[in-house]
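What follows is the residue order along each chain.
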Amino acid sequence: MKVNKFILWLRKIKPSKRKIIQLYAALLHNANLKGFISGKIFKGDSKVLCAPGLNCYSCPGAVGACPLGTLQNSLSSANKRLPFYVFGILMLYGLILGRTICGFLCPMGLLQELVYKIKTPKINKSNITRTLSYFKYVLLAVLVFIIPVIYGFYDVVIPGFCKYVCPAGIVEGAFGLLSNPNNVDFFQMLGGLFTWKFFLLIAIAVMCVFMYRFFCRFLCPLGAIYGFFNKFSFLGIKVNNDKCTNCGLCIKACKMDVKKVGDHECINCGECISVCHTNAITWKGGKLFLHENQVDVPCKTTNINIQNNNKVKEVLTNELDEEKIPEIKKRKTAVGITSILLYPFGVDKFLMGSKKGGKKAILWTILSIIFSPIGCVFLTIRSIKGIIKGIKVLIMNDNEFEDYVKKVNTFLVYEYIKEDNKPKTKKWFKITSISVASSLLVGVLIYANFFNKDSNPITTGNEIGEKCLDTNLSIYGKDEKFTVSSHVGKIVIINFWATYCGPCVLEIPHFEDIQKEYQDDVYVVAIHHKDTTEDVEKFINKKAWNEYSIDFAQDEESTNYYEALGGKGTLPMTVIVDQEGIISNKYLSSITYESLKTDVDNLLK
Amino acid sequence: MKKFNSNRLHQIYSIFLSIIIFLVGILFITSALSIYFTGGLREQIYDVNVVKNRLLLMIFPMILLIFTIIGSSILTIIFPNYKKEKYKFSNYELYKKLSYNTKINVTNDETNLYNKKLKLCKLIKSLLIFVTTIDCSIPGIIGLLYVCNPLHFPSATPNIAIIRMALVLTPLVIYAFICLIIYSILEEVIAKKQVKYFKKLLALKAIQKTETKNKKQIGILVTRIVVLSISIIFITVGVINGDLVDVLKKAINICSECIGLG
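Note that residues are indexed from 1 along each chain, following the sequence as it is written. As a convention, the first chain written is A and the first ligand written is 1, with the rest following in written order. With the structure being a predicted model, the display of local features is reserved for residues of pLDDT at least 70 and the display and counting of side-chain atom pairs for 80 or more, all residues being used for whole-chain, interface and lining totals. Hydrogens are left out, water is left out, and the side-chain values use all remaining heavy atoms of the structure.

Novice: Is there a simple way to explain the overall build of chain B in this structure?
Specialist: Tallying secondary structure elements over chain B gives eight helices and three strands in all. Starting at the N terminus and walking to the C terminus, you meet the elements of chain B as α-α-α-α-β-α-α-β-α-α-β. Here chain B has a C-alpha radius of gyration of 29 Å; the compact-globule value for 262 residues is 18 Å, and the former is much larger. Taken along the three principal axes of its C-alpha coordinates, chain B extends 85 × 75 × 35 Å. A buried classification covers 39% of the 262 residues belonging to chain B. When checking whether two residues touch, look at their non-hydrogen atoms; a contact exists if any pair is within 4.5 Å. Within chain B, contacts between residues at least 6 apart in sequence are counted, and of these 77% link residues at least 24 apart. With an accessible surface of roughly 16,200 Å², chain B has 70% of that area assigned to carbon and sulfur atoms. Asp and Glu count as negative and Lys and Arg as positive, but His and the ends of the chain are not part of the count. Throughout, a charge is located at the NZ atom of Lys, the CZ atom of Arg, the CG atom of Asp or the CD atom of Glu. Within chain B, the 13 negative side-chain charges are centred at a point lying 12 Å from the centre of the 32 positive side-chain charges. Helix and strand definitions here come from DSSP, where helices need a minimum of 4 consecutive H or I residues and strands a minimum of 2 consecutive E residues; each element is numbered from the N-terminal end. For the radius of gyration, the atom set is restricted to C-alpha positions; the globular benchmark scales as 2.2 Å times the number of residues to the power 0.38. Note on classification: 1.4 Å probe, protein chains only; a residue is buried when its accessible area is under 20% of the maximum for its type, exposed when over 50%, partly exposed between these limits. Each accessible area is a Shrake-Rupley estimate made with a 1.4 Å probe; only the visible protein chains count as cover when residues are assessed.

Novice: Explain the overall build of chain A to me, please; I cannot follow it from the model alone.
Specialist: A tally of helices and strands in chain A yields 30 helices and ten strands. Among the 605 residues that make up chain A, the fraction classed as buried is 54%. Contacts spanning at least 24 positions in sequence make up 74% of the contacts within chain A whose residues lie at least 6 apart. Carbon together with sulfur atoms contributes 63% to the accessible area of chain A, which is approximately 26,400 Å² in total.

Novice: Would you mind going over the pairing of strand β10 (residues 583-587) of chain A with me for this structure?
Specialist: Walk down a regular strand and you will see the side chains alternate between the two sheet faces. Residues and elements named next belong to chain A. Summarising burial for β10: four of the five residues are buried, a large majority. Relative to β10, strand β9 (residues 573-577) runs antiparallel, the two being bridged by four bridges. By the bridge assignment for β10, Val575 is matched with Lys586. For two strands to be treated as a pair, DSSP must find at least two bridges joining them.

Novice: What exactly am I supposed to notice about the confidence of the model for chain B here?
Specialist: Reading fine detail from the predicted coordinates is not recommended where pLDDT is low. Values of pLDDT, ranging from 0 to 100, describe the predictor's confidence in every residue of the model. Summing up the model confidence of chain B, the mean pLDDT is 84 and the portion of residues at 70 or higher is 90%. On the interface metric, ipTM, the complex scores 0.90, and its pTM is 0.81.

Novice: Looking at this structure, I do not really get helix α5 (residues 109-147) of chain B. What am I missing?
Specialist: It helps to recall that an α-helix has 3.6 residues per turn; residues three or four apart then point in one direction. Taking 1.5 Å of rise per residue, the 39 residues of α5 of chain B would be expected to cover 57 Å, and the 56 Å separating its terminal C-alpha atoms lies within 8% of that figure. In the analysis that follows, any N or O atom pair within 3.5 Å is treated as a polar contact, provided that within protein one partner can donate a hydrogen and the other can accept it, and provided that, for residues neighboring in sequence, both atoms belong to side chains. Of the residues flanking the start of α5 of chain B, the one acting as N-cap is Asn108 of chain B, its side-chain oxygen 3.3 Å from the backbone nitrogen of Glu110 of chain B. One fewer than the residue count of a helix, multiplied by 1.5 Å, yields its expected span.

Novice: Explain the sheet that holds β9 of chain A here, please?
Specialist: Each strand in a sheet pairs with another by means of backbone hydrogen bonds, the pair being arranged parallel or else antiparallel. Residue and element names in this part refer to chain A. Pairing within the open sheet is mixed, and its five strands lie in the order β7-β6-β5-β9-β10. Edge strands, defined here as strands with exactly one partner in the open sheet, are β7 (551-554) and β10. Mean inter-strand twist for the sheet, computed between neighbouring axes without regard to direction, equals 20°. Pairing between strand β6 (residues 522-528) and β7: four bridges, direction parallel. Residue pairing for β7: Ile527 is matched across the bridge by Ala553. Comment: axis = line fitted to C-alpha atoms, over the contacting stretch for helices; angle = value between 0 and 180 degrees taken between N-to-C directions.

Novice: Looking at this structure, I do not really get the packing of aromatic side chains. What am I missing?
Specialist: Residue and element names in this part refer to chain A. Pairing of aromatic side chains here covers Phe, Tyr and the six-membered ring of Trp, requires ring centres within 6.5 Å, and sorts the geometry by plane angle: under 30 degrees stacked, over 60 edge-to-face, intermediate tilted. Tallying each qualifying case throughout the model produces 33 aromatic pairs over all chains. Only lysine NZ and arginine CZ atoms are considered, and such an atom sits over a ring when it is within 6 Å of the ring centre and within 35 degrees of the ring normal. A cation sits over an aromatic face here: Lys122 above Tyr116, 4.3 Å from the ring centre. Above the plane of the ring of Tyr212 lies Lys255, whose end atom (NZ or CZ) is 4.8 Å from the centre.

Novice: Hey, could you run me through the pattern of salt bridges in this one?
Specialist: Where charged atoms from two side chains of opposite charge come close, those side chains can pair. Residues and elements named next belong to chain A. For salt bridges, the criterion is a side-chain nitrogen of Lys or Arg within 4 Å of an Asp or Glu carboxyl oxygen. For the structure on display, the rule yields 20 salt bridges over all chains. In this structure, Glu271 and Arg18 form a salt bridge, with 3.5 Å as the shortest nitrogen-oxygen distance. In this pair, Glu271 sits in helix α16 (residues 271-275) while Arg18 sits in helix α2 (residues 17-29), placing the two residues 253 residues apart along the sequence. For Glu271, a relative accessible area of 37% translates into the label partly exposed. Across the pair Lys478 and Asp551 runs a salt bridge whose closest N-O atoms are separated by 2.5 Å. On the criterion of sequence distance, the pair formed by Lys478 in the loop between β3 (473-474) and β4 (481-482) and Asp551 in strand β7 is long-range, its members being 73 residues apart. Look at Lys478 and you get partly exposed, because its relative accessible area is 37%. Accessibility expressed as a relative area gives 6% for Asp551, which makes it buried. Three or more residues joined by partner-sharing salt bridges are found here, namely Arg18, Lys19, Glu113, Arg213, Lys255 and Glu271.

Novice: Where do I start with the nonpolar core in this structure?
Specialist: In these notes, a set of buried Ala, Val, Leu, Ile, Met, Phe, Trp, Tyr and Cys residues joined through side-chain atoms within 4.5 Å is what counts as a nonpolar core. Counting residues in each nonpolar core, the largest one holds 150 residues, and the members touching the most others are Leu54, Phe482, Ile493, Ile494, Trp497 and Tyr561 of chain A together with Tyr46 of chain B. When residues in this core are grouped by element, the largest group, eleven residues, is from helix α12 (residues 192-210) of chain A. Once residues lying within four places of it in the same chain are set aside, the contact partners of Tyr561 of chain A are Cys468, Leu469, Asp470, Thr471, Leu473, Phe482, Val484, Ile494, Phe496, Ile527 and Asp555 of chain A. Residues Tyr116, Met256, Ile281 and Phe289 of chain A belong to the second largest nonpolar core, which totals 22 residues.

Novice: What is the right way to read the state of the cysteines from this model?
Specialist: Every disulfide links exactly two cysteines, by a covalent bond between their sulfur atoms. All names here are of chain A. What counts as a disulfide here is a pair of cysteine sulfur atoms lying within 2.5 Å. Scanning the model with the defined rule gives two disulfides over all chains in all. In this model, Cys501 is linked to Cys504 through a disulfide, with the two sulfur atoms separated by 2.2 Å. On the sign convention where negative means left-handed, the S-S torsion of about 80° between Cys501 and Cys504 marks this disulfide as right-handed. Its relative accessible area of 0% is what places Cys504 among the buried residues.

Novice: Would you take a moment to explain empty space enclosed by the protein for this structure?
Specialist: Where empty space is left becomes clear once a probe the size of a water molecule has been rolled over the atoms. Residue and element names in this part refer to chain A. Throughout, the protein atoms alone are placed on a 1 Å grid, and a set of points is a cavity if a 1.4 Å probe fits but cannot get out or a pocket if it is open with protein on both sides within 12 Å along at least five of seven lines; lining residues have an atom within 4 Å of a point. Grid points are joined across faces, edges and corners, and a volume is the space filled by probe spheres set on the points. The final tally for this structure, using the stated rule, is eight cavities of 30 Å³ or more. Here the largest cavity defines a volume of roughly 150 Å³. Forming the walls of the largest cavity are 17 residues, and the residues nearest its centre are Cys254, Lys255, Cys269, Glu271 and Cys272. If you list the elements that add at least two residues to the lining of the largest cavity, you get α15 (249-253) and α16. Each residue is assigned to one class: nonpolar for Ala, Val, Leu, Ile, Met, Phe, Trp, Tyr, Cys and Pro, charged for Asp, Glu, Lys and Arg, and polar for all the others, Gly among them. When the residues that make up the lining of the largest cavity are grouped by side-chain class, the tally is twelve nonpolar, three polar and two charged.

Novice: How should I be thinking about the interface of chain A and chain B in this particular structure?
Specialist: As a measure of interface size, the accessible area lost when the parts come together is often cited. Listed per partner, the contact involves 115 residues of chain A and 99 residues of chain B. By buried area we mean how much accessible surface two parts lose on assembly, using a 1.4 Å probe and totalling the loss over both. Taken together, the two surfaces of chain A and chain B that pack against each other cover about 9,700 Å², and 69% of this comes from carbon and sulfur. Salt-bridge contacts for Glu257 of chain B lead to Lys163 of chain A; the nearest nitrogen and oxygen are separated by 3.6 Å. Linking chain A with chain B are 23 residue pairs in polar contact (both at pLDDT 80 or more), by the criterion used here. Top element by residues in the side of chain A that touches chain B is α12 of chain A. It accounts for eleven residues. In terms of residue class, the side of chain A that touches chain B is built from 68 nonpolar, 31 polar and 16 charged. Relative to strand β3 (residues 254-255) of chain B, strand β8 (residues 570-571) of chain A runs parallel, the two sharing two bridges. Bridge pairing links Thr570 of chain A to Ile254 of chain B in β3 of chain B.

Novice: Where do I start with the environment of Lys243 of chain A in this structure?
Specialist: Structurally, the position occupied by Lys243 of chain A is in the loop between β1 (237-239) and α15. Along the primary structure Lys243 of chain A and Asn279 of chain A are separated by 36 residues, whereas in three dimensions their C-alpha atoms are 7.2 Å apart.

Novice: How do you make sense of the pairing of β6 of chain A when you look at a structure like this?
Specialist: Residue and element names in this part refer to chain A. In terms of residue burial, β6 counts as a mostly covered element, since seven of its seven residues are buried. Burial of the side chains of β6 extends over both faces: Val522, Val524, Ala526 and His528 are buried on one face and Tyr523, Val525 and Ile527 on the other. Both strand β5 (residues 491-497) and β6 contribute to a ladder of seven bridges, which runs parallel. Bridging from a neighbouring strand, Asn495 pairs with Ala526 of β6. With helix α28 (residues 536-542) bridging β6 and its parallel neighbour β7, the resulting β-α-β unit is right-handed. Assignment of crossover handedness uses the view with strands pointing away from the viewer, where a clockwise path from the first strand over the helix to the second indicates a right-handed crossover.

Novice: Can you help me understand the confidence of the model for chain A in this one?
Specialist: Residue and element names in this part refer to chain A. Averaged over chain A, the pLDDT score is 80; the fraction of residues at 70 or greater is 81%. Mean pLDDT across the secondary structure elements of chain A bottoms out at helix α19 (residues 309-323), with 40, and peaks at helix α13 (residues 214-218), with 94. The low-confidence segment residues 297-326, where pLDDT is below 50, has 31 contacts with residues more than four positions distant or belonging to other chains. Below pLDDT 50 for its whole length, residues 410-420 participates in 37 contacts with residues either more than four positions away or in separate chains.

Novice: Quick question: what am I supposed to make of the side chain of Lys249 of chain B here?
Specialist: Counting through the fold element by element, Lys249 of chain B comes out in helix α8 (residues 243-252). Note on Lys249 of chain B: relative accessible area 17%, which makes it buried. Not counting residues within four places of it along the chain, the set of residues in contact with Lys249 of chain B comprises Tyr500, Asp531, Thr532 and Thr533 of chain A.

Pasting the structure below:
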């Protein structure tokens, strides 16, 4: 029997249904394809919804909010308002899907699984990895809860995990934005923090090659949160204790650090279902979407005593071998289609096992292609022949087919491995779910890419060397308006900030110091972003900034001065305008007192 | 003629691939570090041209890496890897597997002896759990006291405070995890003994299988109802509070440093 390696390899790498769902979910999370071209963050209303998987909302493609980032941001303002919505939505996701989200929907999970496919020696799970898997709970407690809450009391937003650890922020957010030529300015933001996170990302990526889902297992706090709900979630996998012989094959097959199927470490990937010989492992809610016999298969081994564990294996192996006999209909289709598609190129027999005939045919095909147009005629004839041959196979009766395959000696007969234990979905459920999923994807793609129009940014008056675009914004606590033209002769420093931006709040005192030091030559205005989440004036008074000599203005929806001056959705931003009203420098990130001073000194020279 | 061993070939190739992955990883990290530490102005360390130049320098190793990965796939096609993944049950798993739904029948002195030994193992394990809990609690409490003290987190310099926190917490976390790892190793040693005694009892036919205790589904149902109700109430309250607008505004106006661009 000749088994073709190439076909076997192709069958081995064929994406599973789970992989297809993962790809689908990754596309759904990042449906704003337009964003990858424009290099802009999506600003549609769909971002009110937290996506279930870990997908950074700074990714240009992201159409939903990251649940973990939102949780940390909300916890930062927990002293003002408790984050009910985020807690509620996380509980709902956890209750409905549990860690099925990790196994099926998380884009980061997909990335890790793809990286793990690189063929290197792998580090298997052990007691040590099981112990280390609890590290994610430490991260959850310290970086996701404690740090944001503590700094929240100072009115400084520090999403600890996003800022210091999360690789999704770098892979999707930073790389997504930096790789776009429109965002060359963003390079000036990068410093120590980026270096640290880049280092961490590379370390995680390298570890993911050697360890299955390294980030999920040891570092992901979102997985830790969903893990709490895994046991009682509506979707997932369950074990029927009546059928379970405790053979341990499921734990053996699982690459995660599970102690038993369905525990907090289980990502509900369902790979253990096909491993279980007694069909003790099934999908939760299987009665709804699986064939009846796949939900409740009578147990064949319940009468076997525990002492005879080896015998259990023997009995089951024999049973499985019997079940391996392939269905003739499927084999016929496979052989027929192979003939139709591959006969013209002479590789059908080769791929089906007969190397001799196949090699000859390949040689003929190559020679014919070289000596075209004879090759075209040759290929056409062979195509017609292939179609006839394929149809012949498809309409053969079973006995004729058996004779044919013996003649061809194809592995499709002998090596056909029936996916016996894999549960079969009900047809109506399959059709409905595929239709709903496709409609959802198409809808989201259309909404994100066509119905969500970007504002038209002003292209002049916002670049270094150009005359700064003027505006007319109201100043907090004063009846005056801020205009650039009214401060000609002075250096004007325009800072854009927001109450929900930690670094923005931290850098405001630097501006005050500069204002005090150069009070005759410099005018500083801190403009709050047009999107406000709380009473800005109250915030200013609380921080005692109303005693500062710098002015605080409010950007407006109609003016959108931030975007007019070249803001790209990231805060803080500082624009330095010289005495003649020309933009001399622009910072798209935090700024230090020293840098400000250097800029001012240079302009005053 | 000696039969060609494709598994050995795969083994050698995969080690070669691993080395290349490590080298490319190190190259990336050192490159980023060298840009940072030799960068120009503080605000413009990562100049786009500098990054481009560094990436150009890394083209050869990157191509090598890509070709090595492609090579591994080709190798698998030509020489399929028949080596199956090995996973040996740990003694802990084995003992759990063996003792699942079983009861010991003490019939004679010998069974009594092994039963006592098993009980002793159980007692030692309980003691071990107790000691480990205390061992892990001490750094846990110290860490929590440090982290929950707002005085350790001055509002003006959060980055420095968090670096300091990491320096304080890392040894504590390492200590706690070392304790846990030692516990798992000792648990394995005890489980080895337990397996040994259990096998003896099996040989003496002193093990009886018991009925599977079905877990009451009612508990899960109640939990589901409670969690569902709470989540719906929370979402409703959040929507009324205006959390949706907050979420939207924070998701569309990104604080650059909060995603690591700083």
